[in-house]
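These are the residues of each chain, in order.
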Amino acid sequence: MTQSLERFHYDNKIVKAFMYATILWGVVGMLAGLLIAFQMAFPGLNFNLPYTTFGRVRPVHTNAVIFAFVGNGIFMGVYYALPRLMKASMYSRRLSWIHFWGWQAIIVAAAVTLLSGFTTGKEYAELEWPVDIAITLIWVVFGINMFMTILKRRERHLYVAVWFWIATWVTVAMLHIVNSFELPVSFMKSYSWYAGVQDALVQWWYGHNAVAFFLTTPYLGLMYYFVPKAANRPVYSYRWSIIHFWALIFIYIWAGPHHLLYTALPDWAQSLGTVFSFMLIFPSWAGMLNGLMTLRGAWDKVREDPILKFFVVALTCYGMSTFEGPMLSLKNVNAISHFTDWTVAHVHVGALGWNGFITFGALYWLVPRMFGTPLYSKKLAANHFWIGTLGIILYAIPMYWAGFTQALMWKEFTPEGTLQYQFLQTVSNIRPMYILRGVGGTLYLVGVFLMVYNIWKTVAAGKFIPTEYGEAPALSKIYQPSHGNTYWHSWIERRPIQMLAVSLVVVAIGGLFELIPTFLIKSNVPTIAAVKPYTPLELEGRDIYIREGCYTCHSQMVRPFRDEVARYGEYSKAGEFVYDHPFQWGSKRTGPDLAREGHSKNRKSDSWHYNHMMKPTLMSPGSLMPSYPWLLDADLDTSLTASKIKAMQTLGVPYAKGYEKIAVADLNKQAASIAESLAKDKIKTAPNKEIIAVIAYLQKLGRDIESNKEATVTLK
Amino acid sequence: MMKFINYLESITGISIYPLVSLVLFTVFFAVVALYVFTADKRAMERKSHMPLDDH
């Protein structure tokens with residue numbers, strides 16, 4: 001039976017818009033990255049301003065490169081490839097544009113709010129609740145547009161790239177919603193619904209899977225589309241791609257706890273994270289090899305074609321980081337790598353190599369086709385490739401070096417059994433590595449500028465093709481297999497909604513298995529009687545700590561290692577964090593751990609903290625920490641203190657009934673006593689300054705547990 | 001005494017969790033592998049060509 005052909009269009013305008021946004025935000029995000037990279041070596045670059053200080057710029061960098069650069073890259077690829085794979089126009093032009101402008105508005109809002117200090121204090125999920133809601137809405141718009149396009153398709157089977165996008169959509173929706181449970185206190189302030197251990201588990205379940213389902217699966221979709229396109233040959237093994245897909249989404253979701261090894265997270269959850277992280281090697285490498293083998297017999301083309309060069313290095317970097325990831329999840333490796341620059345190196349091999357290079361390859365492939373002209377300069381693109389690759393190498397090697405060196409220095413003891421190095425010595429020692437890393441990053445960005453110029457010239461030489469047309473028969477109502485036997489998987493490949501449902505079930509299993517037991521133990525997290533809720537002043541100080549992004553450099557988690565116990569004090573217990581909404585364990589120690597900062601072992605005077613925040617080098621010469629002079633001048637805003645206490649009560653923190661009414665009075669009393677103690681050290685300051693609250697908070701850290709003999713466990 | 005072992009003991013039957021997860025994964029993986037290796041060759045080839053004939 002022959003069917004009449006239907007004619008439909010492909011909208012290139014929306015692809016172009018996402019393409020320009022990808023480039024623009026890529027440059028912005030990388031510039032922010034470059035600034036913070038050099039700030040770590042030259043603290044003067046923090047400019048003594050809140051808006052330009054590391055703790056606020058770092059979330060701008062991470063959010064910009066993940067959600068703005070890679071995010072727009074995903075949408076660029078999906079809006080180009082999906083209609084072509086489905087042989088159908090995108091469902092709604094209006095939804096496409098709402099999606100585009102909505103996402104850009106969210107990015108701008110993110111940059112402005114993060115720099116202004118509005119943050120939830122949870123990595124990669126820093127945006128405050130109104131922005132979280134906006135993200136949810138726009139994500140739903142994207143989902144409707146995508147699924148309706150799939151439903152009105154003229155191609156029966158969904159190509160493997162489309163599965164990856166379906167799984168991406170549903171999983172990101174689940175992760176974002178679960179991790180964003182927060183109780184609003186005001187328009188731009190909220191507290192995480194979860195506390196301590198639970199908050200940490202949910203956060204890293206989210207954080208790890210943001211890497212999995214935002215940086216990996218959608219880009220695997222792009223890989224499965226653009227690599228065959230650029231090589232002009234089908235993917236090496238479609239069978240492998242099926243295994244790759246199902247195994248990857250099944251395993252990935254379980255791996256989150258590997259971010260919390262040796263922490264106060266229950267042991268069984270840590271072990272689960274390790275086992276599944278290790279298993280991740282298999283599907284990841286199946287995917288990498290599948291991509292590389294697609295180029296079998298085409299290696300001569302790779303020599304000629306910069307696009308294929310980018311893809312080869314991207315896949316190699318994907319292979320390297322997915323080998324390294326499972327290794328880092330082994331507890332003995334993690335004991336060395338965690339909290340050091342090793343993690344930073346690992347992340348950037350993935351981000352610069354995998355995400356960056358897939359994006360650049362796709363851009364070089366798309367621009368000439370959408371503007372009907374050859375690329376302005378292949379040679380320039382090849383130069384971009386070489387400079388970019390060199391940039392990645394120069395970035396990664398110093399960071400690996402820094403990571404190893406610092407971890408080994410942390411763990412070094414003298415023959416007498418005392419720690420060999422002060423924390424500061426371990427940082428000063430790797431400063432040259434920070435400078436080299438900055439150079440690597442600069443090279444990578446230079447490559448990007450070459451690309452911008454190349455694309456600019458190509459665009460100028462060509463003429464934009466706003467619409468392309470395709471022709472295909474409509475799908476018949478009844479499916480008639482054209483050949484051979486059909487199998488059950490072919491059933492699901494024809495049914496996008498069922499694919500969505502099965503993907504959700506597959507990813508939800510892992511989530512449920514990890515999260516539910518952790519919530520059930522709420523009553524069983526051994527509370528430590530000595531651990532008391534924060535006083536109002538300490539709570540305000542904690543909010544300033546979160547606002548300034550102190551967690552980006554300081555952990556609050558002493559692991560049960562000899563060196564950490566010797567350096568900071570006894571290791572952290574789950575029961576210490578029951579009032580921490582959100583948890584502040586951190587993931588990197590550019591500065592020392594602060595979990596025991598107020599413990600008699602480490603306690604400094606109030607005036608020490610005052611001077612240190614004003615100018616860290618006054619107290620620790622050679623320190624790379626930024627100065628926080630504005631904390632000394634700014635008045636503490638107590639207008640929300642009562643609502644904050646009430647919010648904490650709602651979340652289960654046991655303040656006495658009606659305490660919110662006297663909270664500010666208590667706050668003032670405690671502030672006065674700190675101001676008095678400062679006055680004794682000849683520091684004259686009004687008690688209503690922000691610095692007073694910060695000092696109160698820092699002095700609280702680890703202090704409660706001191707009086708608790710029961711919780712004191714000596715390491716054997 | 002507060003020891004890490006407390007958390008392990010605090011949920012009844014927690015040891016079943018890793019076991020169940022492993023069984024779930026193995027079964028799931030086996031089924032996918034079974035399908036993949038018994039699938040029709042021509043169907044696989046046709047599907048893998050989708051990105052190449054999308055105009």
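How each quantity is defined
Residues numbered from 1 in each chain as written. Chains lettered and ligands numbered in written order. Predicted model: local features only at pLDDT ≥ 70, side-chain atom pairs only at ≥ 80, totals over all residues. Heavy atoms only, no water. Helix = DSSP H or I, 4+ residues; strand = E, 2+ residues; numbered from the N terminus. Rg over C-alpha atoms; globule rule 2.2 N^0.38 Å. Buried < 20%, exposed > 50% of the residue type's maximum accessible area, 1.4 Å probe, protein only. Areas by Shrake-Rupley, 256 points an atom, 1.4 Å probe, with all protein chains shown as cover. Patch = residues over 30% accessible without salt bridge, like charges linked within 9 Å, V, L, I, M, F, W, Y side chains within 5 Å. Salt bridge = Lys/Arg side-chain N within 4 Å of Asp/Glu carboxyl O. Lys, Arg positive; Asp, Glu negative; His and termini not counted. Contact = heavy atoms within 4.5 Å. Pairing = 2+ DSSP bridges. Core = buried A, V, L, I, M, F, W, Y, C linked by side-chain atoms within 4.5 Å. Axes fitted to C-alpha atoms, helices over the stretch in contact; angles between N-to-C directions. Parallel < 35°, antiparallel > 145°, perpendicular 65-115°, else oblique. Left-handed = near helix turned anticlockwise from the far one by under 90°. Nonpolar A, V, L, I, M, F, W, Y, C, P; charged D, E, K, R; others polar.

Trainee: When you look at the overall build of chain A in this model, what are you seeing that I'm missing?
Mentor: If you tally the helices and strands in chain A, you get 26 helices and four strands. Taken over C-alpha atoms, the radius of gyration comes to 27 Å for chain A, in line with the 27 Å a tight globule of 716 residues would show. The C-alpha extent of chain A, read off along each of the three principal axes, is 90 × 50 × 50 Å. Taken over 716 residues, chain A has a buried fraction of 66%.

Trainee: What should I look at first to understand the overall build of chain B in this one?
Mentor: Along chain B, the regular secondary structure elements total three helices and zero strands. Beginning at the N terminus, the succession of helices and strands in chain B can be written as α-α-α. When each of the 55 residues of chain B is scored for burial, the buried share is 36%. As displayed, chain B has an accessible area near 3,200 Å², and 70% of this comes from carbon and sulfur atoms.

Trainee: Explain the environment of Val502(A) to me, please; I cannot follow it from the model alone.
Mentor: Locating Val502(A) in the fold gives a position in helix α18 (residues 496-520). Distance from Val502(A) to Ala167(A), taken between C-alpha atoms, is 9.2 Å for residues 335 residues apart in sequence.

Trainee: Which parts of the structure should I look at to understand a nonpolar patch on the surface?
Mentor: Residue and element names in this part refer to chain A. Judged by side-chain polarity, Tyr91, Val140, Ile144, Met148, Leu151 and Ile497 come together as a nonpolar surface patch covering roughly 480 Å² of accessible area. At four residues, the largest contribution of residues to the nonpolar patch is made by helix α4 (residues 129-151). Assignment of secondary structure puts Ile497 in helix α18. A relative accessible area of 40% means that Ile497 is categorised as partly exposed.

Trainee: Sorry if this is basic, but what is going on with the side chain of Asp132(A) here?
Mentor: All names here are of chain A. Mapped onto the elements, Asp132 comes out in helix α4. Buried within the structure, Asp132 lacks any salt-bridge partner; Lys122 is the closest side chain of opposite charge, at an N-O distance of 8.8 Å. Residue contacts for Asp132: discarding those within four places in its chain leaves Leu127, His176, Ser180 and Glu182.

Trainee: What is the right way to read unusual backbone geometry from this model?
Mentor: In most cases, non-glycine residues show a negative phi, while peptide bonds are predominantly trans. All names here are of chain A. His581 connects to Pro582 through a cis peptide bond whose omega is -5°. Mapped onto the elements of the fold, Pro582 is located in the loop between α20 (562-568) and α21 (606-614). Positive phi, close to 55°, is recorded for Asn48, a residue that is not glycine. Mapped onto the secondary structure, Asn48 falls in the loop between α1 (12-39) and α2 (54-86). Phi is positive for Tyr124, close to 65°, though the residue is something other than glycine. Checked against the element boundaries, Tyr124 lands in the loop between α3 (93-115) and α4. Look at Tyr124 and you get buried, because its relative accessible area is 17%.

Trainee: Teacher, can you tell me more about the pairing of strand β3 (residues 189-192) of chain A here?
Mentor: Where a strand is regular, its side chains alternate between the two sheet faces. Residue and element names in this part refer to chain A. One ladder, built from four bridges, connects strand β2 (residues 182-186) with β3; its direction is antiparallel. Bridging from a neighbouring strand, Pro184 pairs with Ser190 of β3. Counted between consecutive antiparallel strands, the loop separating β2 from β3 contains two residues.

Trainee: Can you walk me through the pattern of salt bridges in this structure?
Mentor: Any two side chains of opposite charge can pair if their charged atoms end up close together. Under the criterion given, the structure shown has 25 salt bridges over all chains. In this structure, Arg46(B) engages Glu155(A) in a salt bridge whose closest nitrogen and oxygen atoms are separated by 3.3 Å. You can see Arg46(B) sitting in helix α3 (residues 41-48) and its partner Glu155(A) sitting in the loop between α4 and α5 (160-179), one on each of two chains. The class for Glu155(A) is buried, based on a relative accessible area of 10%. Put simply, Arg559(A) and Glu564(A) hold a salt bridge, and the shortest N to O gap is 2.8 Å. Of the two residues, Arg559(A) and Glu564(A), both sit in the buried class. Each member of the salt-bridge network shares a partner with another, and the members are Arg56(A), Arg547(A), Glu548(A) and Glu690(A).

Trainee: Is there a simple way to explain the nonpolar core in this structure?
Mentor: For soluble globular proteins, nonpolar side chains are generally found buried alongside one another. Residue and element names in this part refer to chain A. Within the largest apolar cluster, 192 residues are counted, with the highest numbers of intra-cluster contacts made by Leu85, Trp103, Trp165 and Phe360. It is helix α6 (residues 196-231) that contributes the most residues to this core, 22 residues altogether. Of all hydrophobic cores here, the second largest spans 45 residues; its members include Tyr191, Leu631, Ala693 and Val694.

Trainee: Teacher, can you tell me more about the packing of α4(A) against α5(A) here?
Mentor: Residue and element names in this part refer to chain A. At their nearest, the axes of α4 and α5 sit 11 Å apart, and the two run at 155° to each other. Judged by the inter-axis angle, α4 sits roughly antiparallel to α5. Crossing of α4 over α5 shows left-handed handedness. Contact residues: α4 offers Asp132, Ile135, Thr136, Trp139, Val140, Phe142, Gly143, Met146, Phe147 and Ile150, while α5 offers Val162, Trp165, Ile166, Thr168, Trp169, Val172, Ala173, His176 and Ile177. Taken together, the residues of the contact of α4 with α5 sort by class into 14 nonpolar, four polar and one charged.

Any link to function would need more than the numbers given here.
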